[in-house]
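As a plain string of letters, each chain reads:
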Amino acid sequence: MNRTSPLFSRGAWAMLAACTLAAVLLPVLHLALPDSHPLHVSGYALGLVGKFMCYALAALALDLVWGYTGILSLGHGLFFALGAYAHGMYLMRAIGRDGSYGSALPDFMVFLDWKAYPWYWSFTEHFWYCMLLVVLVPGLVAFVFGWFAFRSRIKGVYFSIITQAMTYACMLLFFRNDTGFGGNNGFTDFRRILGHSISAPATRIALYLLTLALLVGALLLCRAIVRSKLGRVLQGVRDAEARLMFIGYDPLAFKLFVWTLSAVLCAIAGALYVPQVGIVNPSEMSPANSIEMVVWVAIGGRGTLVGPILGAFAVNGLKSWFTAAFPDLWLFALGLLFILVTLFMRHGILGVLPAIRRLLPFGRAPATREEAA
Amino acid sequence: MKPIFKHLLVALSLCIPLLSHAALDPALLQPLAGDDPDARVAAVARIAATGGADARQVLQALLDDALVAAPSGQVLIVRDDRAVDAATGSAAAVPDGADGIVVNNRLRGAAQAALSGLALLAPEPDTRRAAVGALRTQDADPAQAPLLRQALARETDADIRTQLAQLLARADLGSSDPVRRKAAVVALADSGDASQRPQLQALLAQNPDGTYAEPDAALRAAAGTALRAIDGRVTRNEIVGNLFYGVSLGSVLLLAALGLAITFGLMGIINMAHGELLMIGAYTTYVCQSLFRHYLPGATDWYLAAALPAAFCVAFAVGVALERSVIRWLYGRPLETLLATWGISLMLMQAVRTVFGAQNVEVANPAWMSGGVTVLGSLVLPYNRIAIIAFAAIVVAAVWLVLNRTRLGLFVRAVMQNRRMADCVGVPTGRIDMMTFGLGSGIAGLGGVALSQLGNVGPDLGQSYIVDSFMVVVLGGVGQLAGTVLGALGLGEINKFLEPLAGAVMAKILILVFIIVFIQRRPQGLFALKGRSVE
């Protein structure tokens, strides 16, 4: 594969364009068609797709570290939640005096009888500053954590367990009222963003389109990274770290880069998630949430970038349907999905597709996969 | 009420040597039926002074509004439509015109005070113990001293004696005799009882005019020493208490993590369903308890004897089923194992929710486990915690024996150290894997039984222990039984000593941070495996 080759094959470009177009079309259908029209997309469905795109972005970020670098993180929910909280701080400030107590402070601070914002809330009334926090705080946390972990060459399962402990510890921390982030209720009751009502259709569609743009952009960025020489080294870390070190590479910098980048992407997903869903609380940091993210990647097919996006949509679509239709069975279904995918679909959905194509009489040979087992 | 009490006690103590079992003199009883309030109170005092069982009966009847006066002056006790003569105790008919004796508050107070004083001299140790307990809750009164001194002289029970001596010392602090006061201070210092602190503190207090409440300087110094002694004891008790609860928490963690030390430590399987195996053990305990309640109500206290083997077997069976159906296909792929077992854990939790409901179920301690033993004066060590510490020690010993003294253990270690070589010399590695995983699961089931005795049993029980369990195993060092024990006890102790300083949640967070930092420094845990098998 030479370096001047395009990011995607022509067919893949067409597919990507078609999907993007379809996603853009949804809000158009929502606005242009009357409620009674069979092709009308409800606001609920639009919100759901917007939410799924945030999940997909998080899954994409996770695939970058797990699929391509072989670092399984069970703590990406923390970065997602940190991004969400950072944006949530701005949204809380934007409520102004419209809270139930009519105070300039958020309701939970009034409730705790706090008289002023704690120091770490300073400047959060500025949107740009919070956006900076969205990127910097999770990035810094990931960098520091990763630096310690990778420097002492913690890897494999140990790393996974420590990341789980990390997100668990932070969840406990954020559950405390004294931490200053709303305790177990977290942030909610947002009113407006940048002066626009947060529940207005126009705002929601703007957020939707922004999420879509960032998702596509992140996909292209990740694709560019994994196809670059840097990406080759990352896959070397995944497949034979010791050999890579003997050749003369120091894996620390590579791992640290991809780990931090992944955390930042995940945080951006969280920041996009919070205005669309309207709430963030510490349960986002629960170990179970992070593991669910891993499942999206595993089901879609790790080490494919597109797969995790499909996986996030598939699993969450299934979840929405199941929890409405058979609420008691969802955990059985999810558990079974975990087991079946790990036992029988090592390459996820994308691993199954070529196999099916091979069975069809007019199928072509599958494209070369750059992923080793 | 105080003066009455005082008089009564003085009267009582004077009459103690005259105690007799003769029937009461009817003349003593008669004033009770009269109208003169002072005479009635005096009558109560005189009745109490006889000190016998009859006196107690009459006073109790007075309090219960069960005394009836006949026009003849005879006083009767009427209970459940049966009347007895209060003076002689013989059955009697209730004459016409008999009238209930009205008890006002003053008389009631006098009777109560007299009764509790009498109870100190009662022949039954339980009554005396209750009386001492009641006096401890009241303020010290110097007038009690003579009675207490008498009671102390007659007392045979060592425990009650100690308490009486303390009560006496407390009462003597207010005595006018400096010698007595001094003896009292010394006695209080020896007792080390924190509840006596305010009395000693009061001795050191200064009056507004600058004079001390206690005129004797030497006595004040003695009181200061006594205070320091008490404070020292309180600190020591706190430390001992923290140590005990730390060991207790450590043994809980150990029981939760021991199974994991085998499945993760020896076999390298990341079993995220480990917590659910604990939960299965706890629910098996619940089922055993329900069965015992239903079929053997007389032996309910012994349901644990059935629950232990049952929990081991059920968890063992579940573990073997998991290993054969899912996990064995994933050997050598730890990350996939992690995901698959997480899926299993979700399904097990949901299954339990479907069968038993989402609410917590109630598992009661057997009667012999409730209560506790008091050590060092005021420190209560609950029996259930002691039992669990002992149980953890037994389980660890059993696991060590199985791993080091049996053929199965030999094979387990052989497969762990070199699977291929073990296979070559004829060890059935597949079956050993199954048995080892089953053993780890069964031990988790035993841990579940222990957890059911301490806290809530619900579908989420396992989730709260899974992170802790992994921390213990990782901290202790993989594949090291001693490391797991030390890791669990160390975490328990650190947790309990941090809790008063930082609060429960912050303590937990600090510990997680500590472990994360620790693993950075020593990625192999406390006890690292040495040799070529190390990666």
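Residues numbered from 1 in each chain as written. Chains lettered and ligands numbered in written order. Predicted model: local features only at pLDDT ≥ 70, side-chain atom pairs only at ≥ 80, totals over all residues.

Focus: the overall build of chain B
- Helix and strand counts for chain B stand at 21 helices and six strands.
- Here chain B holds 535 residues, and 42% of them are scored as buried. (Helix = DSSP H or I, 4+ residues; strand = E, 2+ residues; numbered from the N terminus. Buried ≥ 20, exposed ≤ 12 C-beta atoms within 10 Å, placed from the backbone.)

Brief notes about the overall build of chain A
- Secondary structure assignment for chain A yields 13 helices and four strands.
- The C-alpha radius of gyration of chain A comes to 21 Å, within 12% of the 21 Å expected for a compact globule of 373 residues.
- Counting only C-alpha atoms, chain A reaches 65 × 60 × 45 Å along its principal axes.
- For chain A, the proportion of contacts with a sequence separation of at least 24, taken over those separated by at least 6, is 76%. (Rg over C-alpha atoms; globule rule 2.2 N^0.38 Å. Contact = placed C-beta atoms within 7 Å.)

Digging into the interface of chain A and chain B
- Of the residues lining the interface, 35 residues belong to chain A; the matching set on chain B comes to 32 residues.
- Where the side of chain A that touches chain B is concerned, the elements lending two or more residues are helix H5 (127-151), helix H6 (156-175), helix H10 (287-300) and helix H12 (330-344) of chain A.
- In terms of residue count, H6 of chain A provides more of the side of chain A that touches chain B than any other element does, 13 residues in total.
- Broken down by class, the residue content of the side of chain A that touches chain B amounts to 27 nonpolar, six polar and two charged. (Nonpolar A, V, L, I, M, F, W, Y, C, P; charged D, E, K, R; others polar.)

So, the environment of serine 370 of chain B
All names here are of chain B.
- The topology assignment puts serine 370 in the loop between helix H14 (334-356) and strand E5 (372-375).
- Taking the C-alpha atoms as reference points, serine 370 and alanine 184, separated by 186 residues in sequence, lie 36 Å from one another.
- Non-local contacts of serine 370, meaning those with residues more than four positions away in its chain, are made with Asn365 and Tyr383.

Re the sheet that holds strand E3 (residues 82-85) of chain B
All names here are of chain B.
- Pairing within the open sheet is antiparallel, and its four strands lie in the order E3-E2-E1-E4. Strands at the two margins of the open sheet, each flanked by one partner only, are E3 and strand E4 (99-100).
- Summarising the sheet, strand E1 (residues 67-69) and strand E2 (residues 75-79) pair through three bridges and their orientation is antiparallel. Bridged to leucine 67 within E2 is isoleucine 77. (Pairing = 2+ DSSP bridges.)

As for helix H6 (residues 125-137) of chain B
All names here are of chain B.
- With 13 residues, H6 should cover 18 Å at 1.5 Å per step; its first-to-last C-alpha distance of 19 Å lies within 8% of that length.
- Within H6 the residues assigned to the buried category are Arg128, Ala131, Val132 and Leu135. The arc that holds the buried residues of H6, viewed along the axis, is 100°, so those residues lie on one side. Structural note: H6 exposes Asp126, Gly133 and Thr137 on the side pointing more than 90 degrees away from its buried face.
- The inward-facing, buried residues of H6 contact helix H5 (105-119) and helix H8 (158-172). (Expected span 1.5 Å × (residues − 1). Arc of directions from axis to C-beta.)

Quick look at the pairing of E3 of chain B
Residue and element names in this part refer to chain B.
- In the sheet, E2 pairs with E3 via four bridges, with the strands oriented antiparallel. Opposite valine 78, over in E3, you have alanine 83 as the bridge partner.
- Count of turn residues in the E2/E3 antiparallel hairpin: two residues, of which aspartate 80 carries a positive phi of about 50°.

Brief notes about the confidence of the model for chain A
Residue and element names in this part refer to chain A.
- Residue-level pLDDT values for chain A average 87, and 95% of them are 70 or greater.
- Of all helices and strands in chain A, the one with the weakest mean pLDDT is helix H13 (residues 348-359) (79), whereas helix H9 (residues 251-277) scores best (94).
- Here residues 365-373 scores under 50 on pLDDT; set against residues more than four positions off or in separate chains, the count is five contacts. (pLDDT = per-residue confidence, 0-100.)

A closer look at the confidence of the model for chain B
All names here are of chain B.
- Overall, the prediction assigns chain B a mean pLDDT of 81, with 90% of residues at 70 or greater.
- Across residues 15-21, where pLDDT falls below 50, the model places eight contacts with residues more than four positions away in sequence or in other chains.
- The ipTM assigned to the predicted complex is 0.81, against a pTM of 0.74.

Brief notes about the packing of H6 of chain B against H8 of chain B
All names here are of chain B.
- Packing of H6 against H8 brings their axes to within 10 Å, and their N-to-C directions diverge by 30°. Overall, the two elements H6 and H8 adopt an arrangement that is roughly parallel. In the crossing of H6 with H8, the sense of the turn from one axis to the other is left-handed. Here Pro125, Arg128, Arg129, Val132, Leu135 and Arg136 of H6 come into contact with H8, specifically with Ile160, Gln163, Leu164 and Leu167.
- Its residues assigned to classes, the contact of H6 with H8 shows six nonpolar, one polar and three charged. (Axes fitted to C-alpha atoms, helices over the stretch in contact; angles between N-to-C directions. Parallel < 35°, antiparallel > 145°, perpendicular 65-115°, else oblique. Left-handed = near helix turned anticlockwise from the far one by under 90°.)

Observations concerning the domain arrangement of chain B
- Segmentation of chain B into domains returns domain 1 (2-119) and domain 2 (240-476).
- A straight line from the C-alpha centre of domain 1 of chain B to that of domain 2 of chain B covers 63 Å. (Domains from an automatic or database assignment.)

Here's the deal with the packing of helix H13 (residues 303-325) of chain B against helix H18 (residues 429-452) of chain B
Residues and elements named next belong to chain B.
- H18 packs onto H13 with a crossing angle of 140° between their chain directions and a minimal axis gap of 7 Å. With respect to H18, the element H13 is oriented oblique. The handedness of the crossing between H13 and H18 is right-handed. Together, Ala307, Leu308, Ala311, Phe312, Val314, Ala315, Phe316, Val318, Gly319, Val320, Glu323 and Arg324 of H13 and Asp433, Met434, Phe437, Gly438, Gly440, Ser441, Gly442, Ala444, Gly445, Leu446, Gly448 and Val449 of H18 make up the contact between the two elements.
- Each residue belonging to the contact of H13 with H18 can be placed in one class, and the counts come to 14 nonpolar, seven polar and three charged.

Overview of the nonpolar core
- In this structure, Leu57, Ala58, Ala59, Leu60 and Ala269 of chain A are the most contacted members of the largest nonpolar core, which totals 197 residues.
- What alanine 269 of chain A contacts, discounting residues up to four positions off in sequence, is Cys54, Leu57, Ala58, Ala61, Phe80 and Gly83 of chain A.
- Residues Ala33, Ala55, Val58 and Leu148 of chain B belong to the second largest nonpolar core, which totals 56 residues. (Core = buried A, V, L, I, M, F, W, Y, C linked by C-beta atoms within 7 Å.)

As for the environment of glycine 50 of chain A
- Tracing the sequence through the fold places glycine 50 of chain A in helix H2 (residues 43-66).
- Apart from the residues within four sequence positions on either side, glycine 50 of chain A is in contact with Leu207, Tyr208, Thr211 and Gln276 of chain A.

Concerning unusual backbone geometry
Residue and element names in this part refer to chain A.
- Of note, the phi angle at phenylalanine 123 is positive, near 70°, even though the residue is not glycine.
- C-beta crowding within 10 Å serves as the criterion here: with 15 such atoms nearby, phenylalanine 123 is assigned to the partly exposed category.
- Of note in the backbone geometry, leucine 305 takes a positive phi value of approximately 65° without being a glycine.
- Positionally, leucine 305 belongs in the loop between H10 and helix H11 (306-325).

Some points on the environment of valine 247 of chain B
Residues and elements named next belong to chain B.
- Note that valine 247 resides in helix H11 (residues 217-266).
- Judged by local crowding, valine 247 falls into the buried class, with 21 C-beta atoms found within 10 Å.
- The spacing of valine 247 and arginine 385 is 138 residues in sequence and 9.4 Å in space, taken between C-alpha atoms.
- With sequence-adjacent residues up to four places away left out, valine 247 is seen in contact with Ile389, Leu489 and Gly492.

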